[in-house]
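Below are the chains, spelled out letter by letter.
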Amino acid sequence: MTPAAAPAVPESALADTLLARLTEVYPAAGDPFRAQEMIAYMKGVAPFLGLRTPERRALSRTVLAGTPAPAEADCAAVALRCFALPEREYHYFAVDYLRRHAKRCSSAFLPVARTLVTTVSWWDTVDHLAAHVVGPLVAADPALAARMDEWIADEDLWVARTALLHQLRFKEATDTERLFSYCLLRSGHPDFFIRKAIGWSLREYAKTDPAEVRAFVARHASRLSPLSVREALKNL
């Protein structure tokens, strides 16, 4: 599948304000020693400023103080500009911002979400984007499910993982036929992160319908990896 062109960064006075504040407040509070610990823990996926999550979120409240609710273009500008910065804490800010304002974004935001998923990809941002940004977009516009059918077959494992995980919070609204078909489609994938996502998506749905998940795993145990089976049945 040919990668889609990255969306352009919209003009946004709100993004100008937030990025100016962020790039002043975050680095000033950084801890270089802690940053090295965080880089090691996250397998060197990106440099860090050295901000622990509670501290970072407190600083984020300072950054956001007095700013208006964003439009969709503001969300895109903030997220894309944050992900263009090297340090991981800026990416976390973007993910938190989108989680808070996902309902302000339409189906047209999906290409932005894909760009974020495929930028400095690792579980720490991808999983939140899948469940709290892509998932709400699909829930609000069921026509986007067809795009998830494309994503699940994507060569980029993080795009495929996003498709597997986008229904994590759907509960009774889960499209079980799609969930199970995705799990079977990627059941032979060799990568840990796909196999783990298969198990996680099933385990989460088991909170809603444990019998259905048990039956699915029993029918297809020979196709699912031991990791996927173990994760799916962990709480059953």
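Preceding block: the structure.
Residues numbered from 1 in each chain as written. Predicted model: local features only at pLDDT ≥ 70, side-chain atom pairs only at ≥ 80, totals over all residues. Heavy atoms only, no water.

Caption draft 1: Focus on the overall build of the protein. Along its length, the protein carries 13 helices and 0 strands. Of the regular secondary structure in the protein, the N- to C-terminal order runs α-α-α-α-α-α-α-α-α-α-α-α-α. What you see for the protein is a C-alpha radius of gyration of 19 Å, in line with the 18 Å of a compact globule of 236 residues. Once the C-alpha set of the protein is aligned to its principal axes, its extents read approximately 55 × 40 × 35 Å. Taking all 236 residues of the protein together, the buried fraction comes to 49%. Taking all contacts inside the protein whose residues are at least 6 apart in sequence as the whole, residues at least 24 apart take part in 72%. Carbon and sulfur atoms provide 55% of the accessible area of the protein, an area that totals close to 11,200 Å². Treating the 29 positive side-chain charges of the protein as one cloud and the 27 negative ones as another, the clouds have centres 6 Å apart. (Helix = DSSP H or I, 4+ residues; strand = E, 2+ residues; numbered from the N terminus. Rg over C-alpha atoms; globule rule 2.2 N^0.38 Å. Buried < 20%, exposed > 50% of the residue type's maximum accessible area, 1.4 Å probe, protein only. Contact = heavy atoms within 4.5 Å. Areas by Shrake-Rupley, 256 points an atom, 1.4 Å probe, with all protein chains shown as cover. Lys, Arg positive; Asp, Glu negative; His and termini not counted. Charge placed at Lys NZ, Arg CZ, Asp CG, Glu CD.)

Caption draft 2: View of the packing of aromatic side chains. Under the criterion given, the structure shown has 10 aromatic pairs. Ring geometry for Phe-48 versus Tyr-92: centroids 6.2 Å apart, planes at 55°, classification tilted. Of the two residues, Phe-48 sits in the loop between helix H2 (32–41) and helix H3 (53–64) while Tyr-92 sits in helix H5 (residues 88–101), which places them 44 residues apart along the sequence. Neither residue differs from the other here; Phe-48 and Tyr-92 are each classed as buried. Measuring from centroid to centroid gives 5.9 Å for Phe-93 and Tyr-97, while their planes differ by 15°, and the two rings are stacked. Here Phe-93 pairs with Tyr-97, and both are found in helix H5, just 4 residues apart, close to one helical turn. (Phe/Tyr/Trp six-rings, centres within 6.5 Å; stacked < 30°, edge-to-face > 60°.)

Caption draft 3: How the structure looks around the layout of surface pockets. A volume near 340 Å³ is recorded for the largest pocket. Contributing to the lining of the largest pocket are 15 residues, with Met-42, Thr-53, Arg-56, Tyr-92 and Asp-124 lying nearest its centre. At the level of secondary structure, the elements contributing two or more residues to the lining of the largest pocket comprise H2, H3, H5 and helix H7 (123–140). Among the residues forming the lining of the largest pocket, the class breakdown is 8 nonpolar, 2 polar and 5 charged. (1 Å grid on protein atoms, 1.4 Å probe; cavity = no way out; pocket = protein on both sides within 12 Å on 5 of 7 lines; lining within 4 Å. Points joined across faces, edges and corners; volume = space filled by probe spheres on them. Nonpolar A, V, L, I, M, F, W, Y, C, P; charged D, E, K, R; others polar.)

Caption draft 4: Representation of the pattern of salt bridges within the structure. According to the stated counting rule, one finds 15 salt bridges in the structure shown. The partner of Glu-55 in a salt bridge is Arg-34, with the nearest N and O atoms 3.1 Å apart. Residue Glu-55 is located in helix H3, and its partner Arg-34 is located in helix H2; the two are separated by 21 residues in the primary sequence. Residue classification places Glu-55 among the partly exposed positions, given a relative accessible area of 30%. Take Arg-34: its relative accessible area is 17%, and that puts it in the buried class. Residues joined in a network through salt bridges with shared partners are Lys-196, Arg-203, Glu-231 and Lys-234. (Salt bridge = Lys/Arg side-chain N within 4 Å of Asp/Glu carboxyl O.)

Caption draft 5: Layout of the side chain of His-101. Here His-101 shows up in helix H5. His-101 has contacts with Pro-70 and Cys-75, leaving out every residue within four places of it along the chain.

Caption draft 6: Molecular detail of the nonpolar core. Of all hydrophobic cores here, the largest spans 76 residues; its most connected members are Phe-93, Phe-109 and Leu-202. In this structure, Phe-109 is in contact with Glu-72, Cys-75, Ala-76, Leu-98, Val-133 and Leu-137, ignoring residues within four places of it in sequence. (Core = buried A, V, L, I, M, F, W, Y, C linked by side-chain atoms within 4.5 Å.)

Caption draft 7: Representation of helix H9 (residues 157–165) within the structure. The buried fraction of H9 amounts to 8 of the 9 residues, a majority that puts the element mostly inside the structure. Contact partners of the buried residues in H9: helix H6 (110–117), H7, helix H8 (145–151), helix H10 (176–185) and helix H11 (192–206). Near the N-terminus of H9, the side chain that reaches the backbone nitrogen of Trp-158, with its oxygen 2.8 Å away, is that of Asp-156. (Polar contact = N/O pair within 3.5 Å; in protein donor to acceptor, adjacent residues only side chain to side chain.)

Caption draft 8: Seen up close, the side chain of Arg-88. Tracing the sequence through the fold places Arg-88 in helix H5. When its relative accessible area of 0% is taken as the criterion, Arg-88 is described as buried. At 3.0 Å, the side chain of Arg-88 forms a polar contact with the backbone oxygen of Val-120. Within the structure, the side chain of Arg-88 is placed 3.1 Å from the side chain of Thr-125, a separation counted as a polar contact. The residues contacting Arg-88, other than those within four sequence positions of it, are Val-45, Ala-46, Pro-47, Phe-48, Thr-119, Val-120, Trp-122, Asp-124 and Thr-125.

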